[in-house]
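Topology and contacts: notes
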Amino acid sequence: MDNTTSMDHVEFTDRRSLPMMALRGLTVFPGMMLTFEVERSMSIAALNMAMSDDQIIYLVPQIDIATNIPTPEDVYGVGTVCRIKQMMKQPGSKTVRVMAEGIERGRTLAVRTDMPCFVAEVEPMPDVAERKTARIEALIRHCCNLFDAYVTVSGNMAPESVITVLGSTNAGFVSNFIAQHVFLRPEQKQELLEQTRPSRRLTLLSKMLLHETSVLGLQHQLEEAAQDRLNQTQQEYLLREQMKIIQAELGEADDPDSESTAYREKIQALHLPEESEQRLLKEVDRLKKQPFGSSEASVIRNYLDICLEMPWNTRTEERLDVRAARKVLDDEHFGLEKVKDRITEYLAVRQLAPDVKGGVLCLVGPPGTGKTSIAMSIAHATNRKLSRISLGGVHDEAEIRGHRKTYVGAMPGRIINGLTIAGSMNPVMVLDEIDKLGSDYRGDPSSALLEVLDAEQNDHFRDNFMEIPVDLSDVFFVLTANTLDTIPRPLLDRMEVIELSSYTDEEKLQIAKQHLLPKQRKKHGLKQAQLRVSDDAIREIVTLYTRESGVRVLERNLAAVCRKCAMRFVEDDAPKKLVITAANLEKFLGPRRFLPDEMPKSDQVGLVTGLAWTSVGGTTLEVEANVVEGTGKLELTGNLGNVMKESVFAAMSYIRSRANELGLEPDFYKTKDIHVHFPEGAVPKDGPSAGITICTAIVSALTNRPV
Ligand code: ADP
């Protein structure tokens, strides 16, 4: 027997008039059972009318489901004649729940609208009888398979429903069943309903099913992907919450949210340029995502802390008053006029053209001549902060420019560090010993310095660690060096060089009296009245205890004097005051270190006093020449450099060319051995300037005339 529903007791074989009800988004196929809800009063009236008769009703789908009060034109011309199986009023509402069974397709012939509901004249429209061919059987199977697949992917239908159709060979039933249960658009369903040939219905259906199945498959993929993502986020959220609880239990770090909010607020308060701010905020976001205690988190925290520590918006107000600045410089240092003039000139220019940025001064001179200390005074005089960086022995570019923050223990370079320590963006930055900068496989620090000092590009100096640009254009750079020889040329081009020369003994006396002694006295807690040092004593210290171009050792000796005096003042029989003179100096400083250069009492033969330059200043240097009978050898001793040796040969040639005028034998250079000696043989000597001294010594020795 076919699986057709019991149509036996209901007939709809002739035209008749029936209460008509418009269906919204619903289609009932013949032989199918359907439950739906009814709310519109016209529809309820139709139901009531049917119930009062033989429970037969004509259900017709609406063309547009949005229409609220349909007219006969708003519904299709073909519907289904149904039998109402059950009707249930929903408690507390107007809605009625209806269970209906489709009996037969019907076509509307006419509609009466003068009743509480529409009443239609309907004529039956049964399926066309078709022979059971193999083609139809194949179509049935094909549709069943497609339906099976559809049920599997759609997942919202019991698989048993497939079994109902699988066994059937009735094309009409199979097509109606599938059409009823598959999700299709109302107009598609209507198209199926109006088709009276079961085989055509199956063909139509197979197309629609194929399309639906593939769409459903796609929809599933999308849903799954969304679900996956949701699951992952949920899991992460769960873990994070758990972590927070554990951290709270352990009393460790506070809430990561509040931490990142704090960072965020701090960053925004800085009002950095957009790009830098975004860069830092991105790090904060990254920090938020790190699990607590991860090394990455501490790297980011360290980075943010260092960035925030920078004095981004702090700057001191510069003192531009030329006279006041000059007074500070004069008060703190004796002499050094060139440096002081340069600074006051700079301030004058700043007053007239405030946009002039910081400068680069390079102070070159022997050690102890006050380069570093006058640089510090510049800071004081111009009311800028001070930061001091020693570059001696720096080989690594990263020392200047920092390590990339991904390296373990990475730090910003010394320049950024200097700014942080100074706590202002416009400090005087003293870069000491720039001539001792090295360079090797770790990169060339001088090229990094080039970027720091170049006024054209240092307004966006990029430290490897910081990654965000830092404006160095307001920094006043003061570099110090002992010699210009080892400073790379491009670096030299970017700075203004001021040379400081060694001090004369008289200058040293003044410096000691005006600055060093008061400074040391104060340092050792001595009052001016307690300790006096006579000028002679200072002179003795300068000449007999020190041999330098600067005043460092002098200062050290004065400190030693102060120390000794302090000792005396705390002893039992302490004197009221101490006066240091040349006579009692040895009691305080011990025996003299250097003996004054002995001047030869009378003019000598073959002995000439020359002048020499050493790193500790000028000195005298004796040249001795000795002539003995021999075979014309020329002997040179005293650790001479090549240039100096050549000077001796040049002197010999000169003397030979003037032999006649000097009254020498023409062949003296063949019969006499000449020995030229420079004392202090251990000290290397070189240079072209000793030529005339050597020449004089040899002539004197050859002619036996005193110089
Ligand atoms: P440099 O950096 O040239 O090697 P420093 O600046 O270290 O020398 O100077 C050494 C000491 O000598 C410092 O205590 C400094 O105050 C003092 N000094 C040097 N020159 C003067 C000067 N012209 N007036 C006052 N003090 C000076």
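Note that this is a predicted model, so its numbers are computed, not measured.

Pairing within the open sheet is parallel, and its five strands lie in the order 8-9-12-7-13. Looking at strand neighbours, the two that pair on one side only are strand 8 (386–390) and strand 13 (496–499), the edges of this open sheet. Strand-to-strand twist of the sheet, defined as the mean angle between neighbouring strand axes without regard to direction, takes the value 20°. Sheet topology places strand 9 (residues 428–432) next to strand 12 (residues 476–481); four bridges connect them, and they run parallel. Bridged to V428 within strand 12 is F476. Here helix 11 (residues 337–352) sits on the sheet and contacts strand 7 (360–364), strand 12 and strand 13; the angle it forms with strand 13, its principal contact strand, is near 145°. Running at roughly 175° to strand 9, helix 12 (residues 371–382) makes contact with strand 7, strand 8, strand 9 and strand 12 of the sheet.

Contacts to the ligand come from 19 residues, most closely from F334, G368, K371, T372 and R552. For the ligand, an oxygen atom lies 2.8 Å from a polar atom in the backbone of G368. In this structure, an oxygen atom belonging to the ligand sits 2.3 Å away from a side-chain N or O atom of R552. Counting atoms within 2 Å of the grid points, the majority share of the ligand lands in the second largest pocket. Within the residue set of the shell around the ligand, elements represented by two or more residues are helix 12, helix 17 (505–523) and helix 19 (552–570). Looking at which element gives the most residues to the shell around the ligand, the answer is helix 17, with four residues. Residue composition of the shell around the ligand, grouped by class: seven nonpolar, seven polar and five charged.

Moving on, we get to the packing of helix 2 (residues 134–154) against helix 4 (residues 171–181). Put simply, helix 2 and helix 4 touch, their axes get as near as 10 Å, and they point 20° apart. Considering the angle they form, helix 2 stands roughly parallel to helix 4. Of the two elements, helix 2 crosses helix 4, and the hand of that crossing is left-handed. Residues I136, I140, C143, C144 and F147 of helix 2 form the contact with helix 4, whose participating residues are A171, V174, F177, I178 and H181. Classifying every residue of the contact of helix 2 with helix 4 by side-chain character gives nine nonpolar, one polar and no charged.

Here we take up the packing of helix 17 against helix 19. The contact between helix 17 and helix 19 brings their axes to 10 Å, and the two run at 45°. Judged by the inter-axis angle, helix 17 sits oblique to helix 19. Of the two possible hands of crossing, helix 17 and helix 19 adopt the one that is right-handed. Contacts from K508, A512, L516, L517, K519, Q520 and R521 in helix 17 reach L554, E555, L558, A559 and C562 in helix 19.

What follows covers the layout of surface pockets. Any space left empty among the atoms is revealed by the rolling of a water-sized probe across them. Roughly 730 Å³ of internal volume is contained in the second largest pocket. What lines the second largest pocket is a set of 31 residues, and nearest its centre among them are H333, G370, K371, T372 and S373. Looking at the lining of the second largest pocket, the elements that each hand over two or more residues are helix 10 (322–332), helix 12, strand 12, helix 17 and helix 19. Looking at the lining of the second largest pocket element by element, the count peaks at six residues for helix 12. Taken together, the residues that form the lining of the second largest pocket break down as nine nonpolar, 11 polar and 11 charged.

Here we take up the side chain of H515. By the secondary structure assignment, H515 is in helix 17. Filtering out sequence-adjacent residues up to four positions away, H515 remains in contact with D330, D331, E332, H333, F334 and Q510.

Next up on the list: the pattern of salt bridges. For side chains of opposite charge, pairing can occur when their charged atoms come near one another. Within the structure shown, the criterion is met by 43 salt bridges. Put simply, E467 and R404 hold a salt bridge, and the shortest N to O gap is 3.6 Å. With E467 in the loop between strand 10 (461–462) and strand 11 (469–470) and R404 in the loop between helix 13 (397–401) and helix 14 (414–422), this residue pair connects regions lying 63 residues apart in the sequence. On the basis of relative accessible area, E467 is assigned to the buried category, the value being 17%. In this structure R404 comes out as partly exposed when scored by relative accessible area, which is 42%. Within the structure, one salt-bridge network assembled from shared partners comprises R279, E283, R286, E296, R404 and E467.

All right, on to the state of the cysteines then. Each disulfide consists of one covalent bond between the sulfur atoms belonging to two cysteines. Using the criterion set out here, one finds zero disulfides in the structure. C117 takes part in no disulfide bond, and the closest cysteine sulfur to it belongs to C82, at a distance of 15 Å. Here C565 stays free of any disulfide, with the sulfur of C562 as its closest cysteine sulfur at 6.4 Å. Judged by its relative accessible area of 0%, C565 falls in the buried class.

Structurally, T693 can be placed in helix 24 (residues 691–703). Look past the residues within four positions of T693 in its chain and what remains in contact with it is V608, T609, G610 and V623.

A few words on the environment of L526. Position of L526 relative to the elements: it lies in the loop between helix 17 and strand 14 (531–533). For the pair L526 and E224, spaced 302 residues apart in the sequence, the C-alpha separation amounts to 87 Å. Beyond its immediate chain neighbours, meaning those up to four positions away, L526 contacts R521, L531, C562, C565, A566 and F569.

So, how was this worked out
Residues numbered from 1 in each chain as written. Predicted model: local features only at pLDDT ≥ 70, side-chain atom pairs only at ≥ 80, totals over all residues. Heavy atoms only, no water. Pairing = 2+ DSSP bridges. Helix = DSSP H or I, 4+ residues; strand = E, 2+ residues; numbered from the N terminus. Axes fitted to C-alpha atoms, helices over the stretch in contact; angles between N-to-C directions. Contact = heavy atoms within 4.5 Å. Near = heavy atom within 4 Å. Polar contact = N/O pair within 3.5 Å; in protein donor to acceptor, adjacent residues only side chain to side chain. 1 Å grid on protein atoms, 1.4 Å probe; cavity = no way out; pocket = protein on both sides within 12 Å on 5 of 7 lines; lining within 4 Å. Sits in = over half its atoms within 2 Å of the grid points. Nonpolar A, V, L, I, M, F, W, Y, C, P; charged D, E, K, R; others polar. Parallel < 35°, antiparallel > 145°, perpendicular 65-115°, else oblique. Left-handed = near helix turned anticlockwise from the far one by under 90°. Points joined across faces, edges and corners; volume = space filled by probe spheres on them. Salt bridge = Lys/Arg side-chain N within 4 Å of Asp/Glu carboxyl O. Buried < 20%, exposed > 50% of the residue type's maximum accessible area, 1.4 Å probe, protein only. Disulfide = S-S within 2.5 Å.

Everything listed here is a matter of coordinates, which is why it stays silent on function.
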